[in-house]
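# Chain and residue survey
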Amino acid sequence: MAISLTLLPSARCLFDEPVQVKVAGLRSNQLVTLRARSTDERGVVFNSSASYRADGSGEIDLNRDASLSGSYVGVEPMGLLRSLKADTSHKYFYKDKALEPFMVNFSVHEEEEGGILAEATNERRLIGDGVMRVPVEVGNIQGVLFTPPEGPFPAVLDLGTLMSEKRASLLANKGFIVLALPIFIGKPKLERMNLDDFEEAVKFLQNHFPKITLFEAVVWINGCSASAVLPLYYKNRQILSALKFDMNKVISTQSGAFIIKYAMHDSLKEENKASLVPIERASGQFLFVASEDDFNWDSKAYMDEMVDRLKRHGKENFESVSYPEAGHYLEPPFGPYCHSSFHGFVGIPVLWGGEPRAHAAAEVHLWSKIQEFFRTHLDCDKTETKSKL
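Let us look at the structure shown here. (Residues numbered from 1 in each chain as written. Predicted model: local features only at pLDDT ≥ 70, side-chain atom pairs only at ≥ 80, totals over all residues. Heavy atoms only, no water.)

### Some points on the sheet that holds strand β18 (residues 237-240)
To keep things clear, this is the line we draw: Pairing between strands requires that DSSP locate at least two bridges from one strand to the other. A run of DSSP states H or I qualifies as a helix once it reaches four residues; a run of E qualifies as a strand once it reaches two. Both are numbered from the N-terminal end. Residue contacts follow a heavy-atom distance rule, with two residues in contact if any of their heavy atoms lie within 4.5 Å. Only the stretch in contact is used when a helix axis is fitted, and all axes are lines through C-alpha atoms; the angle between N-to-C directions ranges over 0 to 180 degrees.
Spatial strand order, β15-β17-β18: three strands in an open sheet with mixed pairing. Pairing within the sheet leaves two strands with one partner each, and these edge strands are β15 (193-194) and β18. The sheet contact formed by β15 and strand β17 (residues 232-234) spans two bridges and is parallel. The residue of β17 that forms the bridge with Asn 194 is Tyr 233. Packed on one face of the sheet, helix α3 (residues 195-208) meets β15, β17 and β18 and runs near 60° to β17.

Encoded structure:
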């Protein structure tokens, strides 16, 4: 019987869908190594490996069988993807362009350094069939709009620190109109943030999808309760001061990466209260999400501060969820876990925190939670997907 490596239900799937990896045709109880390999958009190669022992029938099923050693140990069906890692330190896996699938080569080898016995390639798409992708460059808006094939569906403004199409395209696959927009375009000018730019994006959505009702629901993921680092302006008037960052409180580690969690000034001190976001004045529904092992900053403390303030003002328009062993980078599931990478604003490599397996589980749970939250609080009947673009 020929040795085979099979990806189920298909070798072609969406980025946020799990696959079942199965090997057949091995000798009874044969010890082999399974490997995964992928190259990110910047040309950096990421690898992972795990040793498995076949059952009496010569088969291995990653949904059932435990890894004995390697990049992870134990039963972890998507462990080879989660544990993909570059040979050089402090590398983030860049997969942000929706039109280019995440290609992963799976292979099975004799023992640890043996030749290839079988292999298969997993094509993990970010954009589904029928979803439209339209670059948007209007005024101060530089983003990408994703529109599902049929409607009516609600609209979402997806804000990230830097430009990424990943989450936006995957949400569009679920039936949402999504405009992906970076907070900073290119290399940020560290002077101020302008609320006007985001208002412009809101008006753009309203102009092209007239029945959109905005700000009905907001998902806040590992954010700050204040205007972090930069002051916030609206119509050329400062409305929030900046919560500053103290480089003297950055902690070095043996890995060469730094912990910056404790470098932000205390947002609750009197001299910093002018930087606090007045969340109590908002009328929409909020889902606050915090990773308790976030090494970027204390997301859990910021979330708790906002929740406490809402409660003091008699507000009930929120829910919150926290993940005890998750790190800062909470992304759509089944991508490589990022332990550390270069921080473009601080200018040094930093640790992001999180226990890898628990972090991956948090991403799976959160992805489902986000979709459930939006479907509960956004009115699907108000939005028309017939665009004026």
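### What to know about the side chain of Ser 225
Here is the rule we go by: The buried label applies to any residue whose accessible area, calculated with a 1.4 Å probe on protein chains only, is under 20% of its type's maximum; exposed applies above 50%, and partly exposed to all values in between. Polar contact is defined as a pair of N or O atoms within 3.5 Å, subject to the rule that within protein one atom must be able to donate a hydrogen and the other to accept it, and that residues adjacent in sequence are counted only when both atoms are side-chain atoms.
Inspection of the secondary structure puts Ser 225 in the loop between β16 (217-221) and β17. On the basis of relative accessible area, Ser 225 is assigned to the buried category, the value being 0%. Of the polar contacts made by the side chain of Ser 225, one reaches the side chain of Glu 305; its length is 3.3 Å. Leave out the neighbours within four places in its chain, and Ser 225 touches Trp 220, Ser 267, Leu 276, Val 277, Tyr 302, Glu 305, Met 306 and Arg 309.

### As for the sheet that holds strand β21 (residues 285-291)
Taken together, three strands build an open sheet; the order of strands is β16-β21-β22 and the sheet is parallel. Only two strands of the sheet have a single partner each, and these edge strands are β16 and β22 (318-323). The sheet shows a mean angle of 10° between the axes of neighbouring strands, taken without regard to direction. Where β16 lies against β21, five bridges are found, and the strand directions are parallel. Bridge pairing in β21 places Trp 220 opposite Phe 288. Most of the contacts of helix α5 (residues 356-377) go to β16, to which it runs at about 165°, and overall it touches β16, β21 and β22.

### Regarding the pattern of salt bridges
Filter applied, for reference: Basic side-chain nitrogens of Lys or Arg form a salt bridge, by our definition, when they fall within 4 Å of a carboxyl oxygen of Asp or Glu.
Within the structure shown, the criterion is met by 16 salt bridges. Ionic pairing is found between Glu 123 and Arg 12, a salt bridge with its closest N-O pair at 3.2 Å. In this pair, Glu 123 sits in strand β10 (residues 116-125) while Arg 12 sits in strand β2 (residues 12-14), placing the two residues 111 residues apart along the sequence. Since its relative accessible area comes to 45%, Arg 12 is described here as partly exposed. The partner of Glu 270 in a salt bridge is Lys 273, with the nearest N and O atoms 3.6 Å apart. Given a relative accessible area of 61%, Glu 270 falls into the exposed group. Each of the salt bridges in this network shares a partner with another, and the network as a whole consists of Asp 55, Arg 64 and Asp 65.

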